[in-house]
Amino acid sequence: MFLTEYNYTASWTTKIFMRNFIALISILFSLSSFSSWANTNIDASSLSFSHFSNNDGLSLNLASVVFRDHLGYLWIGTSAGLNRYDGYSFKVYSNQIDDSQSLSENIINDINEDEEGNLWIATDNGLNKFIRKTGKFKRFYANENKTNSLNSNKITRLIKDGNGSFWVGTINGVNHLSPVDESFSQLSGEEETNVIRDQHVTALHQNSDGSLWVGTFTNGLRHYLAPHNTQSEVIT
């Protein structure tokens with residue numbers, strides 16, 4: 001456990017770099033097939049880019065995740081808090097020691113939105129629900145004495161499924177979250193080979209058929225053909 005947590009903390013910047021690097025490679029491949037179309041349909045002189053930094057109000061120059069909500073706001077996660085950009089300026093949300101309704105942790109790993117328009121924020125210390133109507137955060141932590149809680153406080157990935165629920169990846173496996181009753185269940189099987197616990201989740205993806213792909217830090221890739229029935233196959 002010590003080694004796992006050490007690797008996670010020490011490699012935060014490296015993982016962000018790798019995520020951005022992979023995204024860059026994908027963009028380059030896309031551009032190669034897009035270039036001929038672009039040359040005939042887009043005037044390059046009409047394109048412009050804006051650069052934002054902490055001089056413009058961003059809490060940190062290194063962004064780990066960017067999410068656009070249904071209202072058009074951009075939410076930028078950093079290791080120094082959560083930023084909301086409205087097209088004009090940034091508003092920063094951060095942990096306040098004396099406020100239990102503030103963000104639980106400033107290191108942001110992922111962002112998503114539920115069917116009610118509330119944001120869910122994956123952090124290094126708990127999962128946060130940003131209640132849009134009040135502008136406050138509700139915190140969710142791991143609790144070994146509760147069967148319907150998270151399996152770890154270090155949340156790495158957060159995706160929404162076709163039913164409006166969430167799959168929550170942590171350094172200790174995968175949780176399923178129902179936003180309606182705010183309860184968690186752990187993704188595991190009856191047989192030991194199906195158990196995803198004690199695995200550092202680095203990636204989550206759900207296919208249109210409902211099957212779930214789980215990428216891990218050291219234990220390969222698992223494909224859950226029917227996640228709720230824990231039917232799975234391991235790909236190494």
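Every value quoted in this text rests on a predicted model; they were computed, and no experiment measured them. (Residues numbered from 1 in each chain as written. Predicted model: local features only at pLDDT ≥ 70, side-chain atom pairs only at ≥ 80, totals over all residues. Heavy atoms only, no water.)

Describing the sheet that holds strand β1 (residues 63-68)
Next, step 1: Strand order in the open sheet made by the four strands is β1-β2-β3-β4, with antiparallel pairing throughout. In this open sheet, the two edge strands, each paired with only one partner strand, are β1 and β4 (90-93). The sheet shows a mean angle of 20° between the axes of neighbouring strands, taken without regard to direction.
Next, step 2: Of the pairings in the sheet, the one linking strand β3 (residues 81-85) to β4 comprises four bridges and is antiparallel in character. Paired with Tyr85 across the bridge in β4 is Phe90. (Pairing = 2+ DSSP bridges. Helix = DSSP H or I, 4+ residues; strand = E, 2+ residues; numbered from the N terminus. Axes fitted to C-alpha atoms, helices over the stretch in contact; angles between N-to-C directions.)

Some thoughts on the environment of Leu103
Next, step 1: When you line up the elements, Leu103 lands in the loop between β4 and β5 (108-113).
Next, step 2: A relative accessible area of 0% places Leu103 in the buried class.
Next, step 3: Sequence separation between Leu103 and Phe137 is 34 residues; the distance between their C-alpha atoms is 6.0 Å.
Next, step 4: Apart from the residues lying within four places of it in its own chain, the contact partners of Leu103 are Leu82, Tyr93, Ser94, Asn95, Gln96, Ile108, Ile121, Asn128, Phe137 and Arg139. (Buried < 20%, exposed > 50% of the residue type's maximum accessible area, 1.4 Å probe, protein only. Contact = heavy atoms within 4.5 Å.)

Here we look at the pairing of strand β11 (residues 173-178)
The side chains of a regular strand alternate between the sheet's two faces.
Next, step 1: In terms of burial, β11 is a largely internal element, six of the six residues being buried.
Next, step 2: Judged from the four bridges that link them, β11 and strand β12 (residues 183-186) form a sheet pairing that is antiparallel. Note on β12: the bridge partner recorded for Asn175 is Gln186.

A look at the packing of aromatic side chains
Next, step 1: Summed over the entire model, instances satisfying the criterion amount to eleven aromatic pairs.
Next, step 2: On the basis of an interplanar angle of 50° and a centroid distance of 4.9 Å, the ring pair of Phe130 and Phe137 is categorised as tilted.
Next, step 3: Residue class for Phe130 comes out buried when judged on its relative accessible area of 4%.
Next, step 4: The exposure class assigned to Phe137 is buried, which follows from its relative accessible area of 5%.
Next, step 5: Grouped by ring-pair contacts, the aromatic residues Trp75, Tyr93, Phe130 and Phe137 constitute a single cluster.
Next, step 6: Lying over the aromatic face of Tyr73, Arg84 brings its terminal NZ or CZ to 4.6 Å of the ring centre. (Phe/Tyr/Trp six-rings, centres within 6.5 Å; stacked < 30°, edge-to-face > 60°. Lys NZ or Arg CZ within 6 Å of the ring centre and 35° of its normal.)

Shape descriptors only; they carry no functional weight alone.
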